[in-house]
Amino acid sequence: MKNLMVMMAATVLVAACSGGAPTASAPSQKNDVEWPLHGLNAQEQRYSTLDQINRETVNRLGLAWSFDLYTKRGVEATPIMVDRTLYVSGSWSMVYALDAQTGALKWFFDPEVDRSFLAKGCCDAVNRGVAYAEGKVIVATYDGRLVALDASNGQVVWDVQTTDRDKSYTITGAPRIAGDKVVIGNGGAEMGVRGYVTAYAIATGKQAWRFYTVPGNPADGFENEAMAMAAKTWTGEWWKYGGGGTAWDAMTYDPELDLLYIGVGNGSPWNYRLRSPEGGDNLFLSSIVAVNPNTGEYVWHYQTTPAETWDYTATQHIMLADLTINGEVRKVLMQAPKNGFFYVLDRTNGELISADPFSSPITWATHIDLATGRPVETPNARVFDGKNISLPSNAGAHNWHPMSFNPELGLVYIPTFTLPIAFLEPSEDKDRLPEQGYWNVGFDRMANAMPKIPEEQIAAFIKANTSGQLIAWDPIKQSIRWAQTPGLPDGGGTLSTAGQLVFHGGRGTHLVATDAATGEDIWWHDAQTTVMAAPITYSLDGVQYIAVAVGIGGGATAEAGALVHSWKVKNRSRVLVYRLDGTHQLPPIDDDTPVMPRPAPVTADVDVQQYGEAMYQRHCSYCHGDGLRTGGSNPDLRWSLATSTPSAWNAIVLDGALSSAGMVGFKSFIGEVEAQAIRQYVLAEANRLYESTHTTSAVAGEAQ
């Protein structure tokens, strides 16, 4: 196994990572403070009582050690720390066990995911973390498996396939522990699948139960009464499209009430007029569903966005707390999903307590009616003419990046985004059908094509229309306590501590410490790449550490590639661990900016180029970026040497010559005419970029 081979190389690697020779892990001390669960504890508040690093001492914070991961794709994992070992997952679901004090590699596990599965997912081969229970580290793999590893050596204890490998299921989320079971969902709603959540016995990997989140074909019968109830809220033949509702991230187990809360995703397709043409709320899309963790039986639900059509998932972080509301202590569940409203629910029964906008502006609804629990939609909410702006966009006012809660201050810290989008009804009949070789959204992708303006103006255009900011939200008063000045939408997940600090990604490529009470940034460190994942903190031998996994990627660099392209940030996948008076240094950044080769000439007329652009936006843009602006996880096709010859292009695009790298062939969906039209469009854009950059360079040279 590869993990054993890498264990043998650990002594070589650690010298480069921590600046010293490896040391054996000491046994756990009584004053060690671990981070054993995904959100620290069952409530998933991501709040630590450690306060050695605080507002007065944080200026002394420095790197203790760093570890370079073995891949260069997106990193979104929350590490866990148990028994003086930091367990962190990277892209392609690889797992690293590191000495939490020194960074020495203890073992490494590569699940050897087939790279062609990259085409089955929406948002990069990321992984948001592992679970720990009963001496096992449990990871969900991108190709739909759940693997239990011996925590002491990384050996496989059991390995189960949780999905149909012939369908477009992937898993990027972290498993959750619920009693003696481990629970996992899946992704793939954009690709036309039906969502579900499955529980397995931690000891054996045997399936305990499965809960589907949307109903299937009524002719096949319903799995339970919950599905029969949900089916009454659907119309048409939704099952032919898959239905969606994948639970690709948030789940929280409440041991006090013995309930499991599931955050359910978007519809498949997004356009509700296609999947449910005669209307209906389409349960349980965009809902929080409570189930019995022992049996998987439905208990209650609350739907945040009935008849979801904008990709407004409710898969975002679910947090539990006991709050005093109107003089009464309530057991609540809190969520800030994509749709822009912050929800406080009674977690015993799903009753809506409050819901107010944490993001502004919101164009799809004016408010949530507390009497009915339903949103009051604006007149233009469902106008999809390619001109009407929807806010939030499908990226959400808040996405997967975890929020955190400071119970002392009573504040929730949320990384928010403002990213406008315009949806356009499909222009061709095939865009109304499932399984056409592109995302199953049911909208015309041309609404998101880049304007034909010079490259340097693209960045300014994007900056003027997008922003992000960290906010402190009072869940009782339902109001913003403070909000940072809007800037790049680069905010990562958050960690709150009793040192009255909020740690998070921001300021371009930095890990930032913000004053929890005022919102002032009082410390930051350049991570040399975007910090998307949430940090954690732990203590060993009386020393507090801050740990974070970094590396740009994910949906930001693929679907939102045009936005991230303008940042000019590269992936440097690492684990960074800090302590007071740490002296470890990252290596300097090499200036390895390549020089663009002159592309081949365009040989087709404008009509062919425009047709190629439409085909590109339909089939290619979700991975390679709108208007060919990729954020870096996938190749910028304007630089591709394959554009030089039609045969090389066809071999890749049609025949899948690079399927082992994730680029599968599309000959089942397009022919040579479409493929070559795409090539001509790519060449036209490549020549525009080449002329723009060389003209700029020449002018700069003359000025010197």
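Residues numbered from 1 in each chain as written. Predicted model: local features only at pLDDT ≥ 70, side-chain atom pairs only at ≥ 80, totals over all residues. Heavy atoms only, no water.

1. A closer look at the overall build of the protein
Counted only if it meets this: Working definition: helices are DSSP H or I runs of at least four residues, strands are E runs of at least two. Numbering for both runs from the N terminus. Every radius of gyration here is taken over C-alpha atoms, with the globule rule written as 2.2 Å times N^0.38, N being the number of residues. Burial classification: accessible surface area is computed with a 1.4 Å probe over protein chains only, and a residue below 20% of its type maximum counts as buried, one above 50% as exposed, and the rest as partly exposed. In this analysis, two residues are considered to be in contact whenever any of their non-hydrogen atoms come within 4.5 Å of each other.
Each helix and strand counted, the protein has 10 helices and 39 strands in total. The C-alpha radius of gyration computed for the protein amounts to 24 Å, which stays within 12% of the reference 27 Å derived for 704 residues, consistent with globular compactness. Projected onto its principal axes, the C-alpha positions of the protein cover 75 × 65 × 50 Å. Per-residue burial over the protein gives 62% buried out of 704 residues. Considering only residue pairs separated by 6 or more positions, the protein has 63% of its internal contacts joining residues 24 or more positions apart.

2. Focus on unusual backbone geometry
Across the junction of Ser268 and Pro269, the peptide omega takes the value 0°, indicating a cis bond. Residue Ser360 is joined to Pro361 through a cis peptide bond whose omega torsion reads 0°. Tracing the backbone through its elements, the reader meets Pro361 in the loop between strand 24 (352-357) and strand 25 (365-369). Although it is not a glycine, Arg46 adopts a positive phi angle of roughly 55°. Along the polypeptide, Arg46 turns up in the loop between helix 2 (10-18) and strand 1 (47-48). A positive phi angle, near 55°, is found at Asn326, a position not held by glycine. Structurally, Asn326 is set in the loop between strand 21 (318-325) and strand 22 (328-335). By relative accessible area, Asn326 is classed as exposed at 79%.

3. Description of the packing of aromatic side chains
What counts is decided by this rule: Any pair of Phe, Tyr and Trp rings, taking the six-membered ring for Trp, is counted once the centres come within 6.5 Å. Such a pair is stacked with planes under 30 degrees apart, edge-to-face with planes over 60 apart, and tilted for the rest. Geometrically, a charge over a ring is one whose NZ (Lys) or CZ (Arg) sits within 6 Å of the ring centre while staying within 35 degrees of the ring normal.
Per the stated rule, a full pass over the model turns up 32 aromatic pairs. Where Tyr196 meets Tyr212, the ring centres are 5.4 Å apart and the plane angle is 65°; that geometry is what we call edge-to-face. Taken together, the positions of Tyr196 in strand 13 (residues 196-201) and Tyr212 in strand 14 (residues 207-212) put the pair 16 residues apart, joining distant regions of the chain. Residue class for Tyr212 comes out buried when judged on its relative accessible area of 19%. Centre to centre, the rings of Phe423 and Phe443 are 4.9 Å apart; their planes meet at 40°, and the pair counts as tilted. Here Phe423 is found in strand 30 (residues 421-424), whereas its partner Phe443 is found in the loop between strand 30 and helix 5 (455-465), with 20 residues between them in sequence. Just as Phe423 is buried, Phe443 falls in that class too. Feature note: the residues Trp270, Phe384, Phe423, Trp439, Phe443 and Tyr622 constitute an aromatic cluster, connected by ring pairs. For Arg115, the ring lying beneath its charged end belongs to Trp92, and the centroid distance is 4.3 Å. For the cation-ring pair, Lys120 lies above Phe117, with the distance from its terminal atom to the ring centre recorded as 5.2 Å.

4. Considerations on helix 9 (residues 646-653)
We count it as follows: Throughout, the arc means the angular range of directions from the helix axis out to the C-beta atoms.
By the burial criterion, the buried members of helix 9 are Trp649, Asn650 and Val653. Buried residues of helix 9 fall within an arc of 100° about the axis and therefore sit on the same side.

5. Describing the environment of Thr372
Within the element layout of this structure, Thr372 appears in the loop between strand 25 and strand 26 (374-377). You can call Thr372 exposed: its relative accessible area is 51%. Each C-alpha atom, one on Thr372 and one on Ala42, is 30 Å from the other, the two residues being 330 residues apart in sequence.

6. Some words on the state of the cysteines
Rule in force here: Disulfides are defined as cysteine sulfur pairs within 2.5 Å.
Taken as a whole, this structure holds 1 disulfide when the rule is applied. Here Cys620 stays unpaired: no disulfide links it, and the sulfur of Cys623, its closest cysteine neighbor, is 8.8 Å away. Assessed through its relative accessible area of 28%, Cys623 is described here as partly exposed.

7. Some details on the nonpolar core
So the rule is basically this: For the purposes of this section, nonpolar cores are sets of buried Ala, Val, Leu, Ile, Met, Phe, Trp, Tyr and Cys residues that join through side-chain atoms within 4.5 Å.
Within the largest apolar cluster, 64 residues are counted, with the highest numbers of intra-cluster contacts made by Leu86, Phe503 and Tyr538. Looking at which element gives the most residues to this core, the answer is strand 38 (residues 543-550), with 7 residues. With near-sequence residues (within four places) excluded, Tyr538 lies in contact with Val33, Leu50, Trp65, Met81, Leu86, Ala100, Val543, Gln544, Tyr545, Ala547 and Val577. In this structure, Trp270, Ile288, Ile421 and Phe443 belong to the second largest nonpolar core, which totals 30 residues.

8. Remarks on the confidence of the model for the protein
The criterion, for reference: On a scale of 0 to 100, pLDDT captures the predictor's confidence in every residue.
Averaged over every residue, the pLDDT of the protein is 91; residues scoring 70 or more account for 94%. The low-confidence segment residues 697-704, where pLDDT is below 50, has 0 contacts with residues more than four positions distant or belonging to other chains.

9. Re the sheet that holds strand 8 (residues 136-140)
Inclusion rule: At least two bridges found by DSSP between two strands is the condition for calling them paired. Helix axes use the C-alpha atoms of the stretch in contact, all axes being lines fitted to C-alpha atoms, and the angles between their N-to-C directions lie in the range 0 to 180 degrees.
Pairing is antiparallel in the open sheet, where 4 strands are placed in the order 7-8-9-10. The two strands at the open ends of the sheet, each matched to only one other strand, are strand 7 (131-133) and strand 10 (156-161). Adjacent strand axes in the sheet meet at a mean angle of 20° when their direction is disregarded. Sheet analysis places strand 8 next to strand 9 (residues 145-150), joined by 5 bridges and oriented antiparallel. By the bridge assignment, Ala140 is partnered in strand 9 with Leu146.

10. Section: the sheet that holds strand 3 (residues 80-82)
Strand pairing in a sheet relies on backbone hydrogen bonds, with the paired strands running either antiparallel or parallel. What the 4 strands build is an open sheet, ordered 3-4-5-6; its pairing is antiparallel. Looking at strand neighbours, the two that pair on one side only are strand 3 and strand 6 (105-109), the edges of this open sheet. Strand-to-strand twist of the sheet, defined as the mean angle between neighbouring strand axes without regard to direction, takes the value 20°. In terms of strand pairing, strand 4 (residues 85-89) meets strand 5 (residues 95-99) through 5 bridges, oriented antiparallel. Paired with Leu86 across the two strands is Leu98, which belongs to strand 5.

11. Observations concerning the side chain of Asn394
Positionally, Asn394 belongs in the loop between strand 27 (385-390) and strand 28 (404-406). Judged by relative accessible area, which is 7%, Asn394 ranks as buried. In contact with Asn394, other than residues within four places in its own chain, are Trp270, Trp310, Asp311, Lys338, Ile421 and Glu559.

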